[in-house]
Amino acid sequence: FPSHDTHYVWSTGQSGANITTNPTTSGLYVVTGFNAYGCSRTDTVFVTVTNGSSVQINGSDSLNLCSGNAGIALQANGSVSYSWFPSSGLSATNIPNPIAQPGVTTTYKVIGTNSNGCTSTDSVTIVVNAAPTIAFAPLNGLCLNTASISLSATPSGGTFSGAGVNGNVFNPNLAGVGNHTITYTYTNPLSGCSSSMNQVIEVFPLPVIVTGK
């Protein structure tokens, strides 16, 4: 029969040789074809709707990484296979839990595929923050009986540690004779990134005085 005289009607109410549908449940579809003579014939197709993939990356959508620190372990779940991109800074791209250590702020996306071949995506941004820059004022050698001195470093708000240190004060008598390493550590309250700097201060012994009898 002439193809232009043939038309089709589907059980969905749509017409045409090809239709598009987006079912939420599995079901049977019936199509009836009519030719120019009014003759008809039906056929059926069963569409199976399977559960889609529901990949998710555990944790926040944005994670902070301090420059130079160990990478962040990402964790995706909800699928049977995974594909991450971009690959830069990732320990692997085809596992659910790669280590991310990018040099700059990067958004990673994962595509998860389930056993039915259905896919979904999720993403996470790794924000790379620079470590704070510390300036620690030089320390000169002190005699054992020298008065305590104040320690100074920037940015302010960090902590000093080491022998003879109490708060931001160094006491040579408390530290004792010898070379002592004083450490200043500062943590940026916004990024959570930390830096430390060391200074060595020497405490000199006092002279021995012998008087005659």
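Cut-off values and rules
Residues numbered from 1 in each chain as written. Predicted model: local features only at pLDDT ≥ 70, side-chain atom pairs only at ≥ 80, totals over all residues. Heavy atoms only, no water. Disulfide = S-S within 2.5 Å. Helix = DSSP H or I, 4+ residues; strand = E, 2+ residues; numbered from the N terminus. Buried < 20%, exposed > 50% of the residue type's maximum accessible area, 1.4 Å probe, protein only. Phe/Tyr/Trp six-rings, centres within 6.5 Å; stacked < 30°, edge-to-face > 60°. Pairing = 2+ DSSP bridges. Axes fitted to C-alpha atoms, helices over the stretch in contact; angles between N-to-C directions.

Colleague: Would you mind going over the state of the cysteines with me for this structure?
Modeller: What we call a disulfide is simply a covalent bond connecting the sulfur atoms of a pair of cysteines. Enumeration according to the criterion identifies one disulfide in this entry. Note that C66 is cross-linked by a disulfide to C193, the S-S spacing being 2.1 Å. Taking the torsion about the sulfur-sulfur bond, which here is approximately -100°, the covalent link between C66 and C193 counts as left-handed. Of this pair, C66 sits in strand β5 (residues 62-66) while C193 sits in the loop between β19 (178-187) and β20 (194-204), and the two are 127 residues apart along the sequence. This pair shows no difference in class: C66 is buried, exactly as C193 is.

Colleague: Please explain the packing of aromatic side chains as it appears in this structure.
Modeller: When we look at a pair of aromatic rings, we describe it by the centre distance and by the angle of the planes. Scanning all chains against the criterion turns up three aromatic pairs. Taken together, a centroid distance of 4.6 Å and an interplanar angle of 45° make the contact between F160 and Y184 tilted. With a gap of 24 residues between them, F160 in strand β16 (residues 159-161) and Y184 in strand β19 connect regions that are remote in the sequence. You can call F160 buried: its relative accessible area is 14%. Each member of the aromatic cluster is reached from another via a ring pair, and the members are F136, F160 and Y184.

Colleague: Teacher, can you tell me more about the sheet that holds strand β11 (residues 119-129) here?
Modeller: In a beta sheet, neighbouring strands are held together by backbone hydrogen bonds and run either parallel or antiparallel to one another. Here four strands make up an open sheet; going across it, the order is β5-β11-β10-β8 and the pairing mixed. Of all strands in the sheet, those with a lone pairing partner are β5 and β8 (81-85), marking the two edges. Across this sheet, the average inter-strand angle for adjacent strands is 25°, counted without regard to direction. With eight bridges connecting them, strand β10 (residues 106-113) and β11 associate as antiparallel partners. Across the sheet, the residue bridging to T107 is T125, located in β11.

Colleague: Honestly, the sheet that holds β19 in this entry has me stumped. Any pointers?
Modeller: Here four strands make up an open sheet; going across it, the order is β13-β20-β19-β16 and the pairing mixed. The open sheet has two edge strands with one neighbour each: β13 (142-143) and β16. Here ten bridges tie β19 to β20, and the two strands are oriented antiparallel to one another. Residue pairing for β20: T183 is matched across the bridge by N198.

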